[in-house]
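Listed below, chain by chain, are the residues.
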Amino acid sequence: MEKADYRCLIELFDNCFYADYQTRLVAGDDEPLYQPGTAGADHQVIFAHGFFASALHEIAHWCIAGAARRQQVDYGYWYEPDGRDALQQAQFEQLERKPQAIEWLFSACADAPFQVSVDNLGGIEVDRAAFTAAVRAQLVAYLRDETLPPRAERFARALAAHYQQSYRSVVCQFLASA
């Protein structure tokens, strides 16, 4: 089984969610984007440049977004591009903590590497270690309190099965390290 092949993510996503949500995972050529469907067209979770990690990240956002958010382009979320100041970076990290926690779980279930994305290469100096700790704490809270969004758990379990991982073992590893 080939690791980090985005095509398997497209198939898994389709198998998990298409029937219920008419949403497709799509490899894009540029920046990631969520495009709600219109006039009978499917909703699209578009990830960047065929990158495996980008697909996992965009799926994580989709798993968090509620029904109303899924009717808006990019879920109606705020986004300030690269070059953020300290306040904007703090807002970014606050908003990104949850999707990146879910992305980390997805990565672990796919036996793929994970690192947080601070997404601010041209801005202020970022404390990557502190953000990593915050993302890990969020994931542990999701798992310990059993508050992982249902679609996220469904996809994580599908990833674990596909990559021949024990979902329970992955969860236990995070909880044991808390």
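Analysis parameters
- Residues numbered from 1 in each chain as written.
- Predicted model: local features only at pLDDT ≥ 70, side-chain atom pairs only at ≥ 80, totals over all residues.
- Heavy atoms only, no water.
- Helix = DSSP H or I, 4+ residues; strand = E, 2+ residues; numbered from the N terminus.
- Axes fitted to C-alpha atoms, helices over the stretch in contact; angles between N-to-C directions.
- Parallel < 35°, antiparallel > 145°, perpendicular 65-115°, else oblique.
- Left-handed = near helix turned anticlockwise from the far one by under 90°.
- Contact = heavy atoms within 4.5 Å.
- Nonpolar A, V, L, I, M, F, W, Y, C, P; charged D, E, K, R; others polar.
- Buried < 20%, exposed > 50% of the residue type's maximum accessible area, 1.4 Å probe, protein only.
- Pairing = 2+ DSSP bridges.
- Arc of directions from axis to C-beta.
- Salt bridge = Lys/Arg side-chain N within 4 Å of Asp/Glu carboxyl O.

A. Focus on unusual backbone geometry. In this structure, His49 takes a positive phi of about 50 degrees despite not being glycine. Mapped onto the elements, His49 comes out in the loop between strand E3 (43–47) and helix H2 (52–64). A positive phi angle is found at Gln164, which is not glycine, with a value near 55 degrees. Within the secondary structure, Gln164 sits in the loop between helix H5 (150–162) and helix H6 (167–176).

B. Summary view of the packing of helix H1 (residues 6–21) against H2. Where H1 meets H2, the closest approach of the two axes is 10 Å, and the angle between their N-to-C directions is 15 degrees. The orientation of H1 with respect to H2, classified from their angle, is roughly parallel. For the pair H1 and H2, the sense of crossing is left-handed. Contact residues: Tyr6, Leu9, Phe13, Phe17 and Tyr21 in H1; Phe52, Ala55, Leu56, Ile59 and Trp62 in H2. Split by residue class, the contact of H1 with H2 holds 10 nonpolar, no polar and no charged.

C. Quick peek at the pairing of E3. Of all five residues in E3, four are buried; the element is thus mostly enclosed. In this structure, strand E1 (residues 23–27) lies alongside E3, joined through five bridges in parallel fashion. Residue pairing for E3: Val26 is matched across the bridge by Ile46.

D. H6, seen in detail. The complete set of buried residues in H6 reads Tyr167, Val170, Val171 and Phe174. Looking straight down H6, one finds its buried side chains confined to an arc of 95 degrees; they lie on one side. The outward face of H6, more than 90 degrees from its buried face, is lined by the exposed residues Arg168, Gln173 and Ala176. In the core, the buried residues of H6 are packed alongside helix H3 (86–109), helix H4 (128–144) and H5.

E. Layout of the pattern of salt bridges. Tallying each qualifying case throughout the model produces six salt bridges. As a salt-bridge pair, Arg24 and Asp42 come within 3.3 Å of each other at their nearest N and O atoms. With Arg24 in strand E1 and Asp42 in the loop between strand E2 (33–35) and E3, the pair connects residues that are 18 residues apart, well separated along the chain. On the accessibility criterion, Arg24 (31% relative accessible area) is partly exposed. In this structure Asp42 comes out as partly exposed when scored by relative accessible area, which is 25%. The salt bridge involving Arg157 is made with Glu153; its shortest N-O contact spans 2.8 Å. Here Glu153 and Arg157 lie together in helix H5, a separation of four residues that amounts to about one turn. Here Glu153 falls in the partly exposed class, since its relative accessible area comes to 28%.

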